[in-house]
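Inside the fold
Each chain, written out:
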Amino acid sequence: MTIKTRFAPSPTGLLHIGGIRTALFSWLYARHHNGQFVLRIEDTDRERSTDAAVQVILEGMAWLGLEHDEGPYYQAQRFDRYLEVINQLLEVGHAYRCICSKERLEQIRNEAMSKGEKPRYDGHCRALNLTEDNAVVRFKNPLDGAVVVQDKVQGHVSFENSELDDLIIARSDGTPTYNLTVVVDDMDMGITDVIRGDDHLNNTPRQINIFKALGAEIPNYAHIPMILSPEGKKLSKRDGAASVLQYRDEGYLPEALLNYLVRLGWSNGDQEIFSIEEMVAVFDIKDVNKSASSINPEKLLWLNQHYLKNADNEWLQKPLNDLFMGMNIDLKDGPDLRDLIEVQKHRTETLKDMAEQSLFFYMDFDEYDINAAKKHLRPVILEPLKALYEALKTIKDWDNNSIKTVIEGTADKLEIKMGKLAQPLRVAVTGAGISPSIDDTLRLLGQEKSLSRLLKGIEFIENRSSS
RNA sequence: GCUCCCUUCGUCUAGUGGCCCAGGACGUCGCCCUCUCACGGCGAAAACACGAGUUCGAGUCUCGUAGGGAGCACCA
């Protein structure tokens with residue numbers, strides 16, 4: 001049978017990396033088995049669902065290349081079908097209407113809690129055969145026996161039916177609830193493998209009972225552990241619970257994020273680096289760990305750097321360009337992006353770092369970094385810089401080799417160390433003490449700009465020593 | 001409270017009874033390279049939650065304890 005998995009996020013909050021990892025595992029499982037991957041938006045909560053959240057799901061999945069074969073389906077568009085199933089359940093006696101007030105339910109809950117029991121609905125209306133239209137509809141859960149979830153990650157997990165209660169499948173306004181819609185959809189869409197967060201494990205026996213009542217085939221389940229913050233707590237916005245797109249905007253590459261996520265709770269021996277193709281080839285849901293894992297931003301950064309170093313310069317242009325645009329930088333005034341990328345990609349961790357550390361190539365700076373200027377733009381270096389200026393001026397072919405030769409030659413002639421000359425030069429042309437190698441820096445900057453900035457640096461020292 | 005789940009270096013993990021005085025990776029620290037910052041190279045510190053049991057032998061099996069998590073909605 002063809003494997004069919006699905007990713008079914010609810011657009012009530014922005015899709016974050018926890019959701020993405022679930023999506024990735026589902027996607028990988030489907031791809032590994034040459035199966036199908038369905039995207040379904042669970043937007044039955046019309047109050048809390050937002051278009052912005054739907055947009056993040058669609059854009060995020062596309063950005064990461066987790067393409068779906070079917071969908072996106074929207075549950076809000078399938079209400080007729082859910083009602084049909086609810087009525088069917090009502091007719092065959094697997095469900096019943098209930099008019100218990102919220103106050104009564106609240107009271108039952110409180111009593112159970114105070115007696116040290118698990119709060120459950122007491123089945124008050126179960127045998128009443130009510131027909132009121134404004135009643136909720138409850139599913140008749142079996143009273144005894146047990147439901148065994150044969151989970152691909154968690155193993156056998158058994159639940160006593162006596163622990164479960166008659167859950168509401170339709171609200172008093174007639175709208176269906178989550179546990180019903182999931183089952184109907186998974187059934188209708190022919191989902192063979194449900195891969196989702198282990199926060200749903202407790203819902204699974206209820207859903208299995210509904211599947212049984214419907215006479216439908218029960219899918220395989222795999223409940224994957226949650227992702228925790230670096231502190232081991234629940235993920236919060238600042239550690240990745242915000243939109244996945246934030247990672248894109250911060251200059252992460254899709255393959256780095258995917259590689260990072262796939263190694264969270266899953267491994268293939270000691271292998272750390274996985275191309276998408278390798279993941280698809282070796283991923284198996286059975287190898288997923290059962291325990292939750294904390295995210296580690298440093299490792300993500302390391303992977304991002306790895307992928308950045310190995311990325312195609314041509315390909316990197318687009319995302320880098322977007323980042324520069326976001327910073328209102330006019331790229332016409334500086335080096336070609338491909339040339340910039342070639343030198344910067346080996347020394348930055350994210351595209352955003354790359355953009356930020358390259359600003360001086362595209363715009364003039366008003367002030368020097370105060371510490372760098374204090375340390376390097378000093379009178380002692382005035383004459384050497386002047387000599388260097390003259391020498392650089394004579395260069396005909398502005399390439400690394402001639403630039404380097406001139407700087408080293410000047411240092412030699414004046415009997416000063418390379419570093420003593422290069423660092424002041426760097427501060428003069430970049431405004432600060434950090435940049436690519438000095439020859440790359442000057443080459444990318446261009447002869448004209450290099451010279452004019454060096455001249456300004458010389459003037460700066462002169463003004464400083466005279467005041 | 002009740003039900004279910006989890007527990008190897010700071011973090012992600014390898015490990016399916018002897019190959020483990022526990023391996024890899026990120027991070028950290030040290031050294032080397034070096035015009036800055038990085039990259040790179042070399043090296044170091046760093047873990048089987050605890051307690052019983054089974055066994056000739058346990059990180060690996062069983063039970064208990066402690067700690068953590070999830071669920072128990074007319075949310076998904």
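Since the structure is predicted, the reported quantities are computational estimates derived from the model, not experimental observations.

**So, the pairing of strand β4 (residues 95-98)**
- Along β4, one buried face is formed by Ala 95 and Arg 97 and the opposite face, lined by Tyr 96 and Cys 98, is buried too.
- Relative to strand β5 (residues 136-139), β4 runs antiparallel, the two sharing four bridges. Residue pairing across strands places Tyr 96 opposite Arg 138, the latter belonging to β5.

**Focus: the packing of aromatic side chains**
- Evaluated as defined, the whole model comprises eight aromatic pairs.
- Members of the aromatic cluster, connected to one another through ring pairs, are Phe 25, Trp 266, Phe 274 and Phe 283.
- One Lys or Arg, Arg 138, reaches over the ring of Tyr 121 and ends 3.5 Å from the middle of that ring.

**A look at the protein's contact with RNA strand B**
- In the vicinity of RNA strand B, 64 residues are found, and the nearest of them are Arg 171, Gly 265, Lys 290, Arg 347 and Ser 435.
- Considering RNA strand B, the proportion of its atoms within 4 Å of the protein that are sugar or phosphate atoms stands at 69%.
- At 3.0 Å from a phosphate oxygen of RNA strand B is found a side-chain nitrogen or oxygen belonging to Thr 44.
- Interatomic distance of 2.9 Å between a side-chain N/O atom of Glu 272 and a base nitrogen of RNA strand B.

**Some remarks on the side chain of Ser 293**
- Its place among the elements puts Ser 293 in strand β12 (residues 293-294).
- If near-sequence neighbours (up to four positions away) are discounted, Ser 293 is found in contact with Arg 21, Met 226, Ile 227, Leu 228, Leu 264 and Gly 265.

**Some remarks on helix α1 (residues 17-32)**
- Here α1 contains 16 residues, and its C-alpha end-to-end distance of 21 Å stays within 8% of the 22 Å for a straight helix at 1.5 Å per residue.
- Within α1, 15 of the 16 residues are buried, which leaves the element mostly enclosed by the surrounding structure.
- Immediately beyond the C-terminal end of α1, within one or two residues, lies Asn 34, with a positive phi of roughly 55 degrees.

Each value, and the rule that gives it
- Residues numbered from 1 in each chain as written.
- Chains lettered and ligands numbered in written order.
- Predicted model: local features only at pLDDT ≥ 70, side-chain atom pairs only at ≥ 80, totals over all residues.
- Heavy atoms only, no water.
- Buried < 20%, exposed > 50% of the residue type's maximum accessible area, 1.4 Å probe, protein only.
- Helix = DSSP H or I, 4+ residues; strand = E, 2+ residues; numbered from the N terminus.
- Pairing = 2+ DSSP bridges.
- Phe/Tyr/Trp six-rings, centres within 6.5 Å; stacked < 30°, edge-to-face > 60°.
- Lys NZ or Arg CZ within 6 Å of the ring centre and 35° of its normal.
- Near = heavy atom within 4 Å.
- Polar contact = N/O pair within 3.5 Å; in protein donor to acceptor, adjacent residues only side chain to side chain.
- Contact = heavy atoms within 4.5 Å.
- Expected span 1.5 Å × (residues − 1).

Geometric values such as these leave the question of function open.
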